[in-house]
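Spelled out, the chains give:
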Amino acid sequence: MDDDGRYRDNRSDFIRGAKDIAKVAKKQVGKKVGRGVDKMADEYTRRSYKRFEEEEDDDDYAGVPSNDGGYYRNDSRANDDEGHSDSTEGHDEDDEIYEGEYQGIPRGDSSGKAGGMDGVTAAQAQQFRDLSAYEGERRKDQEELAQQYETILQECGHGKFQWTLYFVLGLALMADGVEIFVVGFVLPSAEKDMCLSEPNKGMLGLIVYLGMMVGAFVWGGLADRIGRRQTLLISLSINSVFAFFSSFVQGYSSFLFCRLASGVGIGGSIPIVFSYYSEFLAQEKRGEHLSWLCMFWMIGGIYASAMAWAIIPHYGWSFQMGSAYQFHSWRVFVLVCAFPAVAAISALSTMPESPRFYLENGKHDEAWMILKQVHDTNMRAKGYPERVFSVTTIKTVKQLDELVNLGDGAAWHEKWRIKLTSLFHQVWSNFQTVFSPEYRRTTYMMMAVWFSMSFSYYGLTVWFPDMIKYLQKQEYSSRTKVFVKEKVEHVTFNFTLENQVHRQGQYFNDKFMNLKMKSMVFEDSLFEECYFEDITSSNTFFKNCTFIATLFYNTDLFKYRLINSKLINSTFLHNKEGCLLSDISDENNAYMVYFVSFLGTLAVLPGNIVSALLMDKIGRLRMLAGSSVISCVSCFFLSFGNSESAMIALLCLFGGISIASWNALDVLTVELYPSDKRTTAFGFLNALCKLAAVLGISIFTSFVGITKAVPILFASGALAAGSFLALKLPETRGQVLQ
């Protein structure tokens, strides 16, 4: 057989042998050591095959003398006793790792189980040593990259590019602010359309927070693996799609699901937006401009309040197809509230990925091009187009090879399953590192601060409007007119009846036509030969009443409104079907709700400005602790809120003070964690924030109308604890971004 034939035979035999070794390694070792050794087996196969080809090439020149009189073949074998060869120079340490790793792997003819277990132990120990060395090298690379990256951002400057990105990401943050207010504004109208019970209304109010909790955790973890920009685009797309659907669906369950999915989508906004923007900001600008970015959350609240004020009370902006499909003005409002997310998607598609993310993942050229774009954009805007980006090489972080052999014949769904499984393991592993010894104390402290801040803030901000409604209801009840033992005969009522109580009355041959009843109560009364036609009612009940020969035609006085009442020879004809949106709502009250939310949101403007101007001057910790202490003190003024105007003023005061704490907390969270864990940690803490919000809202609202002492003590205690723990955190002012 010629040399080429022998080469092909030897090559084929080696490939088969290498594949057998890899198969045995995966089968016997992979179960215990995990995916790491599985990948090492693939890498060993690749490297061994490469060495074999190089040695075959050496064979072709076995008789060719070198300049010093030797032969290449003989020279390469000169170090056989040491287990190395010139053909693998530069890879000796890696080769020793893989060769040593598979020395204990039994082959098909291996005898006994002990040898296999020794191989497993050796492989495990070697893997741990490899991972430890890899983490050490990676940490060193990250430290070098952080210093160099700060220098590069200094050269790029702060200008047009950062301000453009500021407004683009501001739209995404604005969409998050809108989402918080949507359900609260539409609930009074939606409950009539969907016949919502009190438990259903409560669930609808909390479902958005639950969705945002899930979304923050999921999207935060993914953003560290697949990129900030791509993850934010996906999350905003989910939010806008389901927000659009929620404006058209009719049933409660479908509306609940759409709002849940919409919340899941928008949940990624806050953790990704702040991390994304921070990676384009130099150290001296970071705290200030991240605080300015927080203003868009306020703008989102103002936008939602203004749109609700302008749209929802206009009941003429509606249409319906029978009783099955109704599209009222509140659905128009839900549709309009999706616009910020859609605008953010359109604008974000023109922006680049974070170059820091690329460098953390070994993509040098992509990161360099983006940083050059930042530099050139800023220099042209400042009038220096001739300035050249001087950086030629940027440090990248050492990567762990992800070798997954899917095979050419694998089905597409199998490939996707493997990719998604691998991605899940990467995200989960990255999340676990947030609780590693290096970050454990910081994470637990941040969890406590986030939880205490969210519990008190969201609990009080929802408790304030509920208290205002309670005070309004008390004031409304104080104006109730009471009629006792009145006799009315042959009278036609065709005007609005409102806020009245009639006890022991007698009504004979009276007509109630084209009538609106609001907050009407009839107790122990007699209706004889009366006629009710085209009645629309709200909060109207007949208690212990008797109806004799009475006709109800085209009314919504269903039997559940007749409490312990008797019907004698009385008839209901053509009752109004479904839960029709009543147009007898108090428009002044609706405007008041939107106006109060508008004022409460606008009140955070001074706090935003102060925190932005002082964040880099006094530091994150002083801002966080100081604002929390002042907010804690302001809670004790709640005991003086005995009127509607007083509660509105206290709401504005609390919101204006506490916003500085939130801004400082956002900046601190961004700066405490390294780039490869930043959105994962931020997402987890933001998810915890939403959980605390659900608990705070549930607890605080349960005391409305009962006592103020418990909400005051809960809020002040949580804020005091948060401010104390905040002082134990490390200060990050003046530090480069990890």
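Calculation rules
Residues numbered from 1 in each chain as written. Predicted model: local features only at pLDDT ≥ 70, side-chain atom pairs only at ≥ 80, totals over all residues. Heavy atoms only, no water. Pairing = 2+ DSSP bridges. Helix = DSSP H or I, 4+ residues; strand = E, 2+ residues; numbered from the N terminus. Polar contact = N/O pair within 3.5 Å; in protein donor to acceptor, adjacent residues only side chain to side chain. Contact = heavy atoms within 4.5 Å. Salt bridge = Lys/Arg side-chain N within 4 Å of Asp/Glu carboxyl O. Buried < 20%, exposed > 50% of the residue type's maximum accessible area, 1.4 Å probe, protein only. Phe/Tyr/Trp six-rings, centres within 6.5 Å; stacked < 30°, edge-to-face > 60°. Axes fitted to C-alpha atoms, helices over the stretch in contact; angles between N-to-C directions. Parallel < 35°, antiparallel > 145°, perpendicular 65-115°, else oblique. Nonpolar A, V, L, I, M, F, W, Y, C, P; charged D, E, K, R; others polar. Left-handed = near helix turned anticlockwise from the far one by under 90°. Expected span 1.5 Å × (residues − 1). Bend = angle between axes of the 7 residues up to and from the residue. Patch = residues over 30% accessible without salt bridge, like charges linked within 9 Å, V, L, I, M, F, W, Y side chains within 5 Å. Areas by Shrake-Rupley, 256 points an atom, 1.4 Å probe, with all protein chains shown as cover. pLDDT = per-residue confidence, 0-100.

Novice: I'd love a proper account of the pairing of strand β10 (residues 531–538), names of residues and values included.
Specialist: Across seven bridges, the pairing between strand β8 (residues 511–523) and β10 is parallel. If you follow K516 over to β10, its bridge partner there is T536. Sheet analysis places β10 next to strand β13 (residues 551–555), joined by four bridges and oriented parallel. By the bridge assignment, Y531 is partnered in β13 with L551.

Novice: Could you give an account of the side chain of S716, naming the residues involved and the relevant values?
Specialist: Topologically, S716 is positioned in helix α24 (residues 709–726). A polar contact of 2.7 Å, which involves the side chain of S716, links it to the backbone oxygen of I712. In contact with S716, not counting residues within four places along its chain, are C632, C635 and F636.

Novice: Can you break down the pattern of salt bridges residue by residue, with the values?
Specialist: One pass over the structure, following the stated rule, counts 13 salt bridges. A salt bridge links E150 to R286; its shortest N-O distance comes to 3.7 Å. Highlighted residues: E150 in helix α5 (residues 114–156) and R286 in helix α11 (residues 283–293), separated in sequence by 136 residues. We classify E150 as buried; its relative accessible area is 9%. Here E523 ties to R503 by a salt bridge, and the two come within 3.0 Å at their closest N and O atoms. Of this pair, E523 sits in strand β8 while R503 sits in strand β6 (residues 497–503), and the two are 20 residues apart along the sequence.

Novice: Explain the packing of aromatic side chains to me, using residue names and the numbers behind them.
Specialist: Counting across every chain of the model gives 52 aromatic pairs. Judged by centre distance (5.2 Å) and plane angle (70°), the ring pair of Y166 and F296 falls under edge-to-face. Placement of the pair is Y166 in helix α6 (residues 160–193) and F296 in helix α12 (residues 295–311), with a sequence separation of 130 residues. As far as the burial class goes, Y166 and F296 line up, both buried. Seen from their ring centres, F435 and Y444 are 5.7 Å apart, and the 55° between their planes marks the pair as tilted. Using a relative accessible area of 45% as the deciding quantity, one classes Y444 as partly exposed. The structure contains a cluster of three or more aromatic residues connected by ring pairs, namely F493, F495, Y507, F512, F522, F527, F532, F542, F547, F552 and F572.

Novice: Lay out the packing of helix α7 (residues 198–226) against helix α17 (residues 412–433) with the relevant residues and their values.
Specialist: Running from amino to carboxyl end, α7 crosses α17 at an angle of 105°, the nearest separation of the two axes being 9 Å. Classified by the angle their axes make, α7 and α17 are roughly perpendicular. Contacts from F217, G221, L222, D224, R225 and I226 in α7 reach L423, Q426, V427, W428, N430 and F431 in α17. Split into classes, the residues belonging to the contact of α7 with α17 amount to seven nonpolar, three polar and two charged.

Novice: Which residues make up the side chain of Q500, and what are the values?
Specialist: Locating Q500 in the fold gives a position in strand β6. What makes Q500 buried here is its relative accessible area of 14%. A distance of 2.8 Å separates a polar atom in the side chain of Q500 from a polar atom in the side chain of H502. Residues contacting Q500, with those up to four places away along its chain left out, are T480, K481, F483, S519, M520 and V521.

Novice: Talk me through unusual backbone geometry; I want residue IDs and the actual numbers.
Specialist: A positive phi angle, close to 55°, is found at H490, a residue other than glycine. Here H490 is to be found in the loop between β4 (487–489) and β5 (492–493). Relative accessible area serves as the criterion here: at 53%, H490 is assigned to the exposed category. Of note, D524 is a non-glycine position whose phi angle comes to about 50°, a positive value. Inspection of the secondary structure puts D524 in the loop between β8 and β9 (526–528).

Novice: Quick one: what's the story with the sheet that holds strand β12 (residues 546–548), residue by residue and with numbers?
Specialist: Taking strand neighbours across the sheet as the criterion, the five strands line up as β4-β7-β9-β12-β15 in an open arrangement whose pairing is parallel. Each end of this open sheet is capped by a strand with a single partner; those strands are β4 and β15 (566–568). The mean angle between the axes of side-by-side strands here comes to 5°, regardless of whether they run parallel or antiparallel. Pairing geometry for β12 and β15, over three bridges, is parallel. Along β15, the bridge assignment pairs F547 with L567.

Novice: Quick one: what's the story with the packing of α12 against helix α13 (residues 329–336), residue by residue and with numbers?
Specialist: Remark: α12 packs on α13, axes separated minimally by 9 Å, with the N-to-C direction vectors making an angle of 155°. Overall, the two elements α12 and α13 adopt an arrangement that is roughly antiparallel. Considering how the two elements wind past one another, α12 and α13 form a crossing that is right-handed. Of the residues in α13, those touching α12 at Y303, A304, M307, A308 and I311 are S329, V332, F333 and V336.

Novice: How would you sum up α6? Please name residues and give values.
Specialist: Helical periodicity: at 3.6 residues per turn, an α-helix aligns residues three or four positions apart in one direction. End to end, α6 covers 48 Å across 34 residues, agreeing with the expected 50 Å (1.5 Å per residue, within 8%). Of all the bends in α6, the largest measures some 60° and sits at L187, one to four residues before the proline P188. Most of α6 sits inside the fold, with 25 of its 34 residues counted as buried. Looking one or two places after α6, you find C195, whose phi comes out positive at around 55°.

Novice: Outline a nonpolar patch on the surface, listing residues and values.
Specialist: Taken together, the side chains of V214, F217, V218, F424 and W428 present a nonpolar region at the surface, about 450 Å² in accessible area. Per element, the largest residue contribution to the nonpolar patch is three residues, and it comes from α7. Note on placement: F217 falls in helix α7.

Novice: Which residues make up the confidence of the model for the protein, and what values go with them?
Specialist: For the protein, per-residue confidence averages 77 on the pLDDT scale, and 76% of positions sit at 70 or higher. Confidence over residues 24–38 falls short of pLDDT 50; this stretch has 29 contacts with residues more than four positions distant or in other chains. Contacts of residues 580–585 to residues separated by more than four positions or lying in other chains number 21 contacts, the stretch itself having pLDDT below 50.

Novice: Could you give an account of the environment of L222, naming the residues involved and the relevant values?
Specialist: Residue position: L222 is located in helix α7. Sequence spacing of L222 and N430 is 208 residues, and the spatial spacing of their C-alpha atoms is 9.9 Å. Apart from the residues within four sequence positions on either side, L222 is in contact with G227, T231, L423 and V427.

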